[in-house]
Amino acid sequence: MDALQQIQDEAQLVGWRTAHLGRSAPVMQVFARMGSIPKELRQQVGQKANQVKVALENALEERAAVLRREALERKLTAERLDVTLPGRLPAFGRAHPATQALDEICAIFIEMGFQIYRSPEVETEEMNFELLNIPAHHPARDMWDTFHTTTPGVILRTHTSPGQIRAMREMAPNPIRVILPGMVYRYEQTNASHEMQFNQVELLAVGQHITFADLKGTLESFARRMFGENARTRFRPSYFPFTEPSAEVDMECFICGGKGCGVCRGSGWLEIGGCGMVHPVVLQNGGYDPAVYSGFAAGLGPERIAMLKYHIEDIRYFWANDIRFLEQF
Ligand code: PHE
């Protein structure tokens, strides 16, 4: 019985049971040899042996119960839960700020009646340049430093404008009102306002009697919806081989309110994209007769627009994948 009190686990209990209640245990041997006990003593011996057996069984069960209780106690202490502790919020995933800006821009143009048209990021030089009126060796190619693939004539698109040709060729001679959102790539020295990869949203409208006033109105209305009624834009004459006339669209710098700061490099304005009337050669390449049809096009930079909206001072934050930056949106 003393040995039983020393027992600490299930295995030892089993050992004890075998020794004291198993087939070769002394008390069990008494039952086994009942036949050799004189008849007149059998009842007495049997009763005694039974009492011993029951006492052993009870002692075993008692010890087993104590061990079970102790084990439960230990488990409860180890797994104690303080329900009064404040909860911990799990980390939530979310859309990348550039994606958010892209979605917002698309939503505004969709409201104005534009449809989204998808166009590939890996393009032919023909689509990216030639058909947009930029022949090989044309000095304007220097405007877009290109990432080439190992396949001659296949490049990463440097702008979303090749999508203009794809959309026109699919839809000619019907009127077009599409936006082409997506990533573009440039082999460029990076700085606070230039990255090697960024998004663009191309805008294309083709039909009869489309004028520069339509282009201006569309972009001004976009700026007001994106930045509020007081958002100011300005159009600066510019040059693109695939538009004529061409312009650059600037937004008043939100950070300094037009006074001039580091982000707008003192000018008070931040360029958000290029635009113009679709060049007759490009219309023709797309399958539209420039004598009958006209169109406008624009290419906006969602990251630039997000920078204005959220006062982000360096475009390189977008693809640096720093969680401290991404978490803020
Ligand atoms: N594709 C031009 C660029 O990336 C922008 C642009 C688009 C200009 C459409 C005019 C019309 O610089």
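Note that the structure is a prediction, hence the values are computed from the model and not measured.

J.: Hey, could you go over the packing of helix α5 (residues 97-111) against helix α10 (residues 302-310) for me, with residue numbers and the actual values?
T.: In the contact formed by α5 and α10, the axes pass within 9 Å of each other and the chain directions differ by 100°. Taken together, the axes of α5 and α10 are roughly perpendicular relative to one another. Across the interface between the two elements, Ala 98, Gln 100, Ala 101, Leu 102, Glu 104 and Ile 105 from α5 touch Pro 302, Glu 303, Ile 305, Ala 306, Lys 309 and Tyr 310 from α10. Residue composition of the contact of α5 with α10, by class: eight nonpolar, one polar and three charged.

J.: Pulling in residues and values, what's your account of the site of the ligand?
T.: Close to the ligand lie 15 residues, the nearest being His 159, Ser 161, Arg 186, Gln 200 and Gly 299. Separating an oxygen atom of the ligand from a side-chain N or O atom of Gln 200 is a distance of 2.9 Å. Calculation on the ligand without its partners gives an accessible area of 320 Å², and the protein chains cover 94% of this total. Examining the composition of the shell around the ligand, we find that three residues originate from one element, strand β9 (residues 294-300), more than from any other. For the shell around the ligand, the class distribution of residues is six nonpolar, seven polar and two charged.

J.: Quick rundown of the packing of α5 against helix α8 (residues 212-227)? Include the residues and the values.
T.: In contact at an axis separation of 10 Å, α5 and α8 are set at 125° when each is read in the N-to-C sense. When the axes of α5 and α8 are compared, the pair comes out oblique. Read as a crossing pair, α5 and α8 show a hand that is right-handed. Between α5 and α8, the contacting residues are Glu 104, Ile 105, Ile 108, Phe 109 and Glu 111 on the first element and Thr 218, Phe 222, Arg 225 and Met 226 on the second.

J.: Mind laying out the UniProt feature "domain: Aminoacyl-transfer RNA synthetases class-II family profile" (unreviewed entry) in the protein chain, listing which residues take part and the relevant values?
T.: Summarizing the sequence annotation, UniProt attributes the feature "domain: Aminoacyl-transfer RNA synthetases class-II family profile" (unreviewed entry) to residues 108-308 in the numbering used throughout. A distance of 17 Å separates the end C-alpha atoms of residues 108-308, which is 24% helix and 32% strand.

J.: How would you summarise the side chain of Glu 202 if you had to cite specific residues and measurements?
T.: Mapping Glu 202 onto the fold places it in strand β5 (residues 197-207). The buried charged residue Glu 202 lacks any salt bridge, with Arg 157 as its nearest oppositely charged partner at 8.0 Å. At 2.7 Å, the side chain of Glu 202 forms a polar contact with the side chain of Thr 160. At 2.6 Å, the side chain of Glu 202 forms a polar contact with the side chain of Gln 164. Ignoring any residue separated from it by four or fewer positions in sequence, one finds Glu 202 in contact with Thr 160, Ser 161, Gln 164, Val 178, Ile 179, Leu 180, Ala 298 and Gly 299.

J.: Can you lay out α10 for me, pointing to particular residues and giving the numbers?
T.: For α10, the buried fraction is high: seven of the nine residues fall into the buried class. Residues of α10 that are buried include every one of Pro 302, Glu 303, Arg 304, Ile 305, Ala 306, Met 307 and Leu 308, and no others.

Cut-offs applied
- Residues numbered from 1 in each chain as written.
- Predicted model: local features only at pLDDT ≥ 70, side-chain atom pairs only at ≥ 80, totals over all residues.
- Heavy atoms only, no water.
- Axes fitted to C-alpha atoms, helices over the stretch in contact; angles between N-to-C directions.
- Helix = DSSP H or I, 4+ residues; strand = E, 2+ residues; numbered from the N terminus.
- Parallel < 35°, antiparallel > 145°, perpendicular 65-115°, else oblique.
- Contact = heavy atoms within 4.5 Å.
- Nonpolar A, V, L, I, M, F, W, Y, C, P; charged D, E, K, R; others polar.
- Near = heavy atom within 4 Å.
- Polar contact = N/O pair within 3.5 Å; in protein donor to acceptor, adjacent residues only side chain to side chain.
- Areas by Shrake-Rupley, 256 points an atom, 1.4 Å probe, with all protein chains shown as cover.
- Left-handed = near helix turned anticlockwise from the far one by under 90°.
- UniProt positions renumbered as here; feature names shortened; annotations may be inferred.
- Buried < 20%, exposed > 50% of the residue type's maximum accessible area, 1.4 Å probe, protein only.
- Lys, Arg positive; Asp, Glu negative; His and termini not counted.
- Salt bridge = Lys/Arg side-chain N within 4 Å of Asp/Glu carboxyl O.

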